[in-house]
Amino acid sequence: MKAEPAVQARLLDLQDLDTELQRLDHRARTLPEAVEAAALKERVEALESELISVRTKVSDVERRQRKAESDVEQVRGRADRDNKALESGQITSAKELQNLQSEIASLARRQAELEETVLEVMERSEELSAEVDRVAAAREEAVAEHTATVARRDTALAEIQWDRTRRSQDRERIVEEVPADLLGLYDKLRAQYDGVAAARLRYGRCGGCKLQLSTAELNEIKAAAADEVVRCEECRRIMIRTDESGLGGRSAE
């Protein structure tokens, strides 16, 4: 394949732009702000789930508290009725009086147990309410951190996109100067060799694979016409000859 030395040299400019575009894409994929935002989003979701769970427990405890208080009122009401009956003097049977007194004592014990249960449930309710406040505050803090991090991420991505657009436009201008066959070879090699298709031949060393060329290889390149597109025998990338190639002055520029 043949191409004017100046056109071959433009491949280096094209390669620099493609390398920079590749770097920008990698940076966009690996932004620390993006990683942090994703982690914070997971934390917000975890805290939201925890908050729902704690609030459900609060509802359950409040329901238990209402039931216990209702039971206390029922026992207290029955005990009041029994006490009034006992104090009325209308019951004269010793056995009935004994039974009534026994029931009043049993109701008193039951009331004490229920009141103890109410106190325990109230304490648990207070603990859970404090837990709700703690988790809600942690969630709000995480939401604020996530919002701020997303803003930083979006700003960084916008800057990357701006740089990418500018370099893509520069690339389009260079592409117009490169013949279709040479551009096709360049794009094919980029796909095969980690995005690097063209490199300088500098002081007898391929800039693509970094290997030193043999004397025979250098002599063969030196003997090639200036418009001949030469490639590295080792990595098969396009090698661009410059004043620093070590070929005794022959250059692609």
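Please read all numbers here as calculations on a predicted model, not as lab measurements. (Residues numbered from 1 in each chain as written. Predicted model: local features only at pLDDT ≥ 70, side-chain atom pairs only at ≥ 80, totals over all residues. Heavy atoms only, no water.)

1. Notes on unusual backbone geometry
No. 1: Phi at Tyr203 takes a positive value of approximately 55°, unusual for a residue other than glycine.
No. 2: A residue is classified by how much of its surface remains accessible, and Tyr203, at 52% relative accessible area, is exposed.
No. 3: At Arg236, a residue that is not glycine, the phi angle is positive and equals roughly 70°.
No. 4: With relative accessibility at 31%, the residue Arg236 sits in the partly exposed group. (Buried < 20%, exposed > 50% of the residue type's maximum accessible area, 1.4 Å probe, protein only.)

2. As for the confidence of the model for the protein
No. 1: Confidence along the protein averages 90 in pLDDT terms, with 94% of residues attaining 70 or more.
No. 2: When the criterion is pLDDT under 50, residues 249-253 qualifies, and its contacts beyond four places in sequence or with other chains add up to 22 contacts. (pLDDT = per-residue confidence, 0-100. Contact = heavy atoms within 4.5 Å.)

3. Concerning the side chain of Arg241
No. 1: Following the sequence through the fold, Arg241 ends up in strand 4 (residues 238-241).
No. 2: Despite its burial, Arg241 pairs with no opposite charge; the closest candidate is Asp227, at 6.6 Å N-O.
No. 3: At 2.5 Å, the side chain of Arg241 forms a polar contact with the backbone oxygen of Glu228. (Helix = DSSP H or I, 4+ residues; strand = E, 2+ residues; numbered from the N terminus. Lys, Arg positive; Asp, Glu negative; His and termini not counted. Salt bridge = Lys/Arg side-chain N within 4 Å of Asp/Glu carboxyl O. Polar contact = N/O pair within 3.5 Å; in protein donor to acceptor, adjacent residues only side chain to side chain.)

4. Re the sheet that holds strand 3 (residues 230-231)
No. 1: Spatially, 4 strands are ordered 2-1-4-3 in an open sheet, and the strand pairing comes out mixed. The sheet terminates laterally at strand 2 (205-206) and strand 3, the two strands that pair on one side only.
No. 2: Judged from the 4 bridges that link them, strand 1 (residues 198-202) and strand 4 form a sheet pairing that is parallel. Residue pairing across strands places Ala198 opposite Ile238, the latter belonging to strand 4. (Pairing = 2+ DSSP bridges.)

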